[in-house]
Amino acid sequence: MDSFDAGAGSILRQPKAVWATAGASVVAFMGIGLVDPILPSIAKGLNATPGQVSLLFTSYFLITAVAMLLTGFVSSRIGGRRTLLVGLAFVVAFAALAGTSDTVGQLVGFRAGWGLGNALFVSTALAVIVGAAAGGSAAAILLYESALGLGMACGPLLGAVLGNISWRYPFFGTATLMAVGFLCITAFLKEQPKPARKTSILDPLKALGHGGLASAAVSAFFYNYTFFTVLAFTPFVLNMTPYRSGAVFFAWGVLLAVFSVIVAPRLQARFGSLKVLGGSLVLLAADVLVLGYGDHTTAVVCTILSGAFIGVNNTVYTELALGVSDAPRPVASAGYNFVRWFAAAAAPYFAPKIEEWTDIHVPFVVAAVTAVLGALVVVVRRRALTHEAERLEPAHATEDGVTVFAN
């Protein structure tokens, strides 16, 4: 991790514009896990079922998936800085409105608007950080991934602290922090050069015609179903106070960050990307299966441990998506994320439904199966993925890529 050194390429020696964008990115990623510790509190406060409350994730990620087709279209026309500010403005407005909700339907709707703003922001943030950073793309992307991991770790913690007062406060807190991010980017980030060619809405779909990119997207689709079963359904299974649930998912987020930024690149360098990805998916399947059938303590341990496998998977999938095809990286990333975010929308909806139809164990069996299916796609389609996987640098080598919570 030489990028952490104090030399010219240090992750710590960056312009104010980079720090402003990275700081806003932390808050943006906090918004994903923010509601985790307070899902039971929201259900109680709004007299809603777990299935209804889980729609907070479904609406958020369904809009995010569709927005993937729009982000390149927008940013290539109005520029990266304006796209970031529009996205932040949407998040500020809809996060604040979410805190005023009187019904679960209102809350789900406001989360959908929040998802649109978040998609516009995070889909552009990496490209902006890379463009403004000192020391090359490696340090910039490491900074971005560190922001992602920190956000995923701190989101549940903030949700727990504020949610212990009222389930509404985390939404107001996020709106406030994003407003600060808006002001920082306005003050410190200059407009970035627009790309020479404007991106079409259909370009990400056309990029999926490449077999390797389509394979990575399909595998990530199955994986994301597992990921978001853990993130959106497990809080109801654990049934803990906001503080305790926040502590569990904070530990989960710390493992995700460490394994994504530090461990995954070293494993890739030693064993190769596809072996690491396949093995991590199988281990994740075993972990969620034990989570579903273990006692409460076992479920807590397995929830935290899943962060390690998720961190590894996110890193490898990102690199495959950005390097496996010859499409421009922002376009390839948009197509990849368009496919996989549909699973993030589906899992929070179907997991509670499956529990209603069967019992509390079966949603985790389904999640284990989808993780294995993701691994099978990697094995069956390894020829389409191998060439690019072998040439990819473990240090997240990309100069113009745009990744959306691919980590």
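Residues numbered from 1 in each chain as written. Predicted model: local features only at pLDDT ≥ 70, side-chain atom pairs only at ≥ 80, totals over all residues. Heavy atoms only, no water.

Peer 1: Give me the lowdown on the overall build of the chain, citing residues and values where you can.
Peer 2: Looking only at helices and strands, one finds 15 helices and zero strands in the chain. The 407 residues of the chain split such that 58% are buried. Put simply, 87% of the contacts in the chain that link residues at least 6 apart link residues at least 24 apart. (Helix = DSSP H or I, 4+ residues; strand = E, 2+ residues; numbered from the N terminus. Buried < 20%, exposed > 50% of the residue type's maximum accessible area, 1.4 Å probe, protein only. Contact = heavy atoms within 4.5 Å.)

Peer 1: So, helix 10 (residues 242-271): which residues are in play, and what are the values?
Peer 2: Residue Val263 marks the point of greatest curvature in helix 10, where the axis turns by about 45°; the proline Pro265 follows within four residues. The positive-phi residue at the C-terminal boundary of helix 10 is Gly272, with phi of around 95°. (Bend = angle between axes of the 7 residues up to and from the residue.)

Peer 1: Outline the nonpolar core, listing residues and values.
Peer 2: Within the largest apolar cluster, 119 residues are counted, with the highest numbers of intra-cluster contacts made by Ile42, Phe61, Phe121, Phe171, Ile185, Phe228 and Trp252. For this core, the leading source of residues is helix 9 (residues 211-238), giving 14 residues. Apart from residues no more than four positions distant in its own chain, Ile185 is found in contact with Ala20, Thr21, Ala24, Arg81, Leu84, Leu85, Leu88 and Phe121. (Core = buried A, V, L, I, M, F, W, Y, C linked by side-chain atoms within 4.5 Å.)

Peer 1: Residue-level account of the environment of Ala89, with values.
Peer 2: As for its placement among the helices and strands, Ala89 is situated in helix 4 (residues 80-99). Taking the C-alpha atoms as reference, Ala89 lies 9.7 Å from Asn118; in sequence the two are 29 residues apart.

Peer 1: Residues and numbers for the environment of Asn337, please.
Peer 2: Within the element layout of this structure, Asn337 appears in helix 13 (residues 329-357). Sequence-wise, Asn337 and Pro204 are 133 residues apart; in three dimensions their C-alpha atoms are separated by 9.3 Å.

Peer 1: Which residues make up the packing of aromatic side chains, and what values do they have?
Peer 2: Considering all chains together, one arrives at 17 aromatic pairs under this definition. Relative to Phe171, the ring of Trp167 lies with its centre 6.1 Å away and its plane at 80°, an arrangement referred to as edge-to-face. Under the relative-accessibility criterion, Trp167 is labelled buried at 9%. Here a set of aromatic residues connected by ring pairs shows up, and it is made of Tyr60, Phe61, Trp114, Trp167, Phe171, Tyr223, Phe227, Phe228, Phe249, Trp252, Tyr317 and Trp341. The cationic tip of Arg77 hangs over the ring face of Phe73; the distance from NZ or CZ to the ring centre is 3.8 Å. Directly above the ring of Trp114 sits Arg111, whose terminal nitrogen or CZ lies 4.7 Å from the centroid. (Phe/Tyr/Trp six-rings, centres within 6.5 Å; stacked < 30°, edge-to-face > 60°. Lys NZ or Arg CZ within 6 Å of the ring centre and 35° of its normal.)

Peer 1: Now, about the pattern of salt bridges: what can you tell me, with residues and values included?
Peer 2: Inspection of every chain in the model, using the stated rule, returns one salt bridge. The shortest N-O distance in the salt bridge between Arg168 and Asp102 comes to 4.0 Å. Within this pair, whereas Arg168 is found in the loop between helix 6 (137-163) and helix 7 (169-188), its partner Asp102 is found in the loop between helix 4 and helix 5 (104-132), the two being separated by 66 residues in sequence. (Salt bridge = Lys/Arg side-chain N within 4 Å of Asp/Glu carboxyl O.)

Peer 1: Describe helix 9, naming the residues involved and giving the relevant values.
Peer 2: Here helix 9 is 28 residues long and its end C-alpha atoms lie 40 Å apart, about the 40 Å a rise of 1.5 Å per residue gives. The sharpest bend along helix 9 reaches about 40° and sits at Ala232, with the proline Pro235 one to four residues further on. Helix 9 sits mainly inside the fold: 22 of its 28 residues count as buried. Just downstream of helix 9 lies Asn239, where phi reads positive at about 50°. (Expected span 1.5 Å × (residues − 1).)

Peer 1: I'd like a rundown of a nonpolar patch on the surface, residues and numbers included.
Peer 2: A contiguous nonpolar surface patch, about 510 Å² in accessible area, is contributed by Leu157, Val161, Tyr243, Phe250, Val254, Val258 and Ile262. Of all the elements in the fold, those that place two or more residues in the nonpolar patch are helix 6 and helix 10. When residues in the nonpolar patch are grouped by element, the largest group, five residues, is from helix 10. Among the secondary structure elements, Ile262 is positioned in helix 10. (Patch = residues over 30% accessible without salt bridge, like charges linked within 9 Å, V, L, I, M, F, W, Y side chains within 5 Å. Areas by Shrake-Rupley, 256 points an atom, 1.4 Å probe, with all protein chains shown as cover.)

Peer 1: Can you tell me about the packing of helix 4 against helix 7, naming the residues and giving the values?
Peer 2: In the contact formed by helix 4 and helix 7, the axes pass within 8 Å of each other and the chain directions differ by 160°. The orientation of helix 4 with respect to helix 7, classified from their angle, is roughly antiparallel. Viewed along their axes, helix 4 and helix 7 form a crossing whose handedness is left-handed. On helix 7, the residues touching Arg81, Leu84, Leu85, Leu88, Ala89, Val91, Val92, Ala95, Ala96, Ala98 and Gly99 of helix 4 are Phe171, Phe172, Thr174, Ala175, Met178, Ala179, Gly181, Phe182, Ile185 and Thr186. Classifying every residue of the contact of helix 4 with helix 7 gives 16 nonpolar, four polar and one charged. (Axes fitted to C-alpha atoms, helices over the stretch in contact; angles between N-to-C directions. Parallel < 35°, antiparallel > 145°, perpendicular 65-115°, else oblique. Left-handed = near helix turned anticlockwise from the far one by under 90°. Nonpolar A, V, L, I, M, F, W, Y, C, P; charged D, E, K, R; others polar.)

Peer 1: Residue-level account of the packing of helix 3 (residues 50-78) against helix 4, with values.
Peer 2: Two elements in contact, helix 3 and helix 4, have axes whose closest approach is 7 Å; the angle formed by their N-to-C orientations is 125°. Overall, the two elements helix 3 and helix 4 adopt an arrangement that is oblique. For the pair helix 3 and helix 4, contact is made by Val74, Ser75 and Ile78 and by Gly80, Arg82, Thr83 and Val86, respectively.

Peer 1: Please provide a residue-by-residue account of a positive patch on the surface, values included.
Peer 2: On the surface, Arg77, Arg82, Lys194 and Lys198 cluster together to form a positively charged patch. Mapped onto the fold, Arg82 is located in helix 4. (Lys, Arg positive; Asp, Glu negative; His and termini not counted. Charge placed at Lys NZ, Arg CZ, Asp CG, Glu CD.)

Function cannot be inferred from these measures alone, as they are strictly geometric.
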